[in-house]
Amino acid sequence: KLLDRTSRPKLRFEAGIAAFLRPPRCTAMALRLVALAALGAAQATPAPVFDYTFGANCPFCKEFGTTLKQLNAADGIAAAVDFNLRAAIRGAAPAWDCPDEDDGCPMTKYVLCAFSAKKDTQDEVDFMTCWDESTASPASKAQSCAEQLKLDWSAISACAGGAEGVALEAAAALTFVTRFPEHKTGRFGVPHIYIGGVEQQNHDYQSLLSALCAAGAKAGACGGEVVQI
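Residues numbered from 1 in each chain as written. Predicted model: local features only at pLDDT ≥ 70, side-chain atom pairs only at ≥ 80, totals over all residues. Heavy atoms only, no water.

Right, let's get into the packing of aromatic side chains. Evaluation of the coordinates by the stated rule reveals eleven aromatic pairs. Between Tyr52 and Phe54, the ring centres sit 6.0 Å apart and the planes meet at 55°, which makes this aromatic pair tilted. According to the relative accessible area criterion, Phe54 is buried, its value standing at 1%. Seen in terms of ring centroids, Phe180 and Phe188 are 5.0 Å apart; in terms of plane orientation they differ by 50°. Their pairing is tilted. The exposure class of Phe180 is buried, given its relative accessible area of 2%. For Phe188, a relative accessible area of 11% corresponds to the buried category. Its end group placed over the ring of Trp131, Lys141 keeps NZ or CZ at 4.3 Å from the ring centre. A cation over a ring is seen here: Arg179 above Tyr194, with NZ or CZ 4.5 Å from the ring centre. (Phe/Tyr/Trp six-rings, centres within 6.5 Å; stacked < 30°, edge-to-face > 60°. Buried < 20%, exposed > 50% of the residue type's maximum accessible area, 1.4 Å probe, protein only. Lys NZ or Arg CZ within 6 Å of the ring centre and 35° of its normal.)

Nonpolar side chains in soluble globular proteins generally cluster together in the buried interior. One finds Phe50, Tyr52, Phe54, Phe127 and Trp131 to be the most contacted residues of the largest nonpolar core, which totals 57 residues. Broken down by element, the residue count for this core peaks at seven residues, all from helix H5 (residues 106-116). Every residue in contact with Phe127, bar those within four places of it in the chain, is listed here: Val111, Ala114, Phe115, Ala142, Cys145, Ala146, Leu149 and Leu151. (Core = buried A, V, L, I, M, F, W, Y, C linked by side-chain atoms within 4.5 Å. Helix = DSSP H or I, 4+ residues; strand = E, 2+ residues; numbered from the N terminus. Contact = heavy atoms within 4.5 Å.)

Attention now moves to the pairing of strand S1 (residues 49-54). Buried residues dominate S1, accounting for five of its six residues. Taken together, the six bridges between S1 and strand S2 (residues 82-87) define a ladder with parallel strand orientation. From the neighbouring strand, Asp51 faces S2, where its bridge partner is Asn84. Relative to strand S3 (residues 192-195), S1 runs antiparallel, the two being bridged by four bridges. Looking across to S3, one finds that Thr53 is bridged to His192. (Pairing = 2+ DSSP bridges.)

Okay, the pattern of salt bridges next. One pass over the structure, following the stated rule, counts seven salt bridges. Across the pair Arg86 and Asp51 runs a salt bridge whose closest N-O atoms are separated by 2.9 Å. Highlighted residues: Arg86 in strand S2 and Asp51 in strand S1, separated in sequence by 35 residues. Of the two residues, Arg86 and Asp51, both sit in the buried class. (Salt bridge = Lys/Arg side-chain N within 4 Å of Asp/Glu carboxyl O.)

It is worth spelling out the state of the cysteines at this point. If you walk through the whole model with that rule in mind, you get four disulfides. Between the sulfur atoms of Cys113 and its disulfide mate Cys159 the distance is 2.0 Å. The chirality of the disulfide connecting Cys113 with Cys159 is left-handed, given an S-S dihedral of about -75°. Pair noted here: Cys113 is in helix H5 and Cys159 is in helix H8 (residues 153-160), with a separation of 46 residues, a long-range link. Relative accessible area serves as the criterion here: at 2%, Cys159 is assigned to the buried category. Across the disulfide from Cys130 sits Cys145; the S-S distance is 2.1 Å. Around the S-S axis, the bridge from Cys130 to Cys145 shows a dihedral of about -90° and counts as left-handed. Taken together, the residues span a long stretch of sequence, with Cys130 in helix H6 (residues 121-133) and Cys145 in helix H7 (residues 138-148) at a distance of 15 residues. (Disulfide = S-S within 2.5 Å.)

The topology assignment puts His192 in strand S3. In this structure the C-alpha to C-alpha distance between His192 and His203, which are eleven residues apart in sequence, comes to 9.1 Å. Apart from the residues within four sequence positions on either side, His192 is in contact with Asp51, Tyr52, Thr53, Phe180 and Glu199.

Here we come to the sheet that holds S2. Taken together, the four strands give an open sheet; going across it, the order is S2-S1-S3-S4, and neighbouring strands pair in mixed fashion. Here the strands that pair on one side only, and so sit at the sheet edges, are S2 and strand S4 (198-199). In this fold helix H9 (residues 163-179) packs onto S1, S2 and S3, with an angle of close to 105° to the strand it touches most, S2. (Axes fitted to C-alpha atoms, helices over the stretch in contact; angles between N-to-C directions.)

Bringing the side chain of Lys141 into the picture now. Tracing the backbone shows Lys141 in helix H7. Despite being buried, Lys141 has no salt bridge partner; Asp132 is the closest side chain of opposite charge, sitting 6.3 Å away. Setting aside residues no more than four positions away along its own chain, Lys141 makes contact with Trp131, Ser134 and Ala136. (Lys, Arg positive; Asp, Glu negative; His and termini not counted.)

Everything listed is a geometric property; what it means functionally is a separate question.
Shown next, in the form of structure tokens:
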């Protein structure tokens, strides 16, 4: 179709407006990449860490076991939080030092051996709360809790009575003094709890739940999105 001279400037003007309003391909691609990067960053945000140092025979830890169980059972928390349980143990073999235990930390050894036999982190939490609730002898409650969680009791028993248990105590003691070098000797209070790297002074359920939610836990108990596993 032929165009007269007066229509050509108008078409060039309208084409320019259309080009101005249409985002360049490179800009659209950049926007998509930014959106994907933001989504990836949100999905990669690490779960808040519940760092709990316990004593296997500590009266206050036994009382805290109920709170730990309640907290772990709160809607979505087990999936949204990284529960890190570690023993308060220091010194040297064979006279390891643990709160409220005989030299050698025989109770802590059972717990560490059970943790070694775990299927996942949830087993650690469940064993610990079961252990804290029981009033039986160390060997009896270790066996009862292991069987309740379908852990290999024969392996745990052999561990507690052999070289593996000694090695686990040594590793746990090294972890403790590396984590708390200022407490290599002297008093150390348990339970000792950090959430997201911040030491918690209040150990009641609501305070700890609020701290987990503030640290970024995405769970129904926080009034947010539940993390699915």
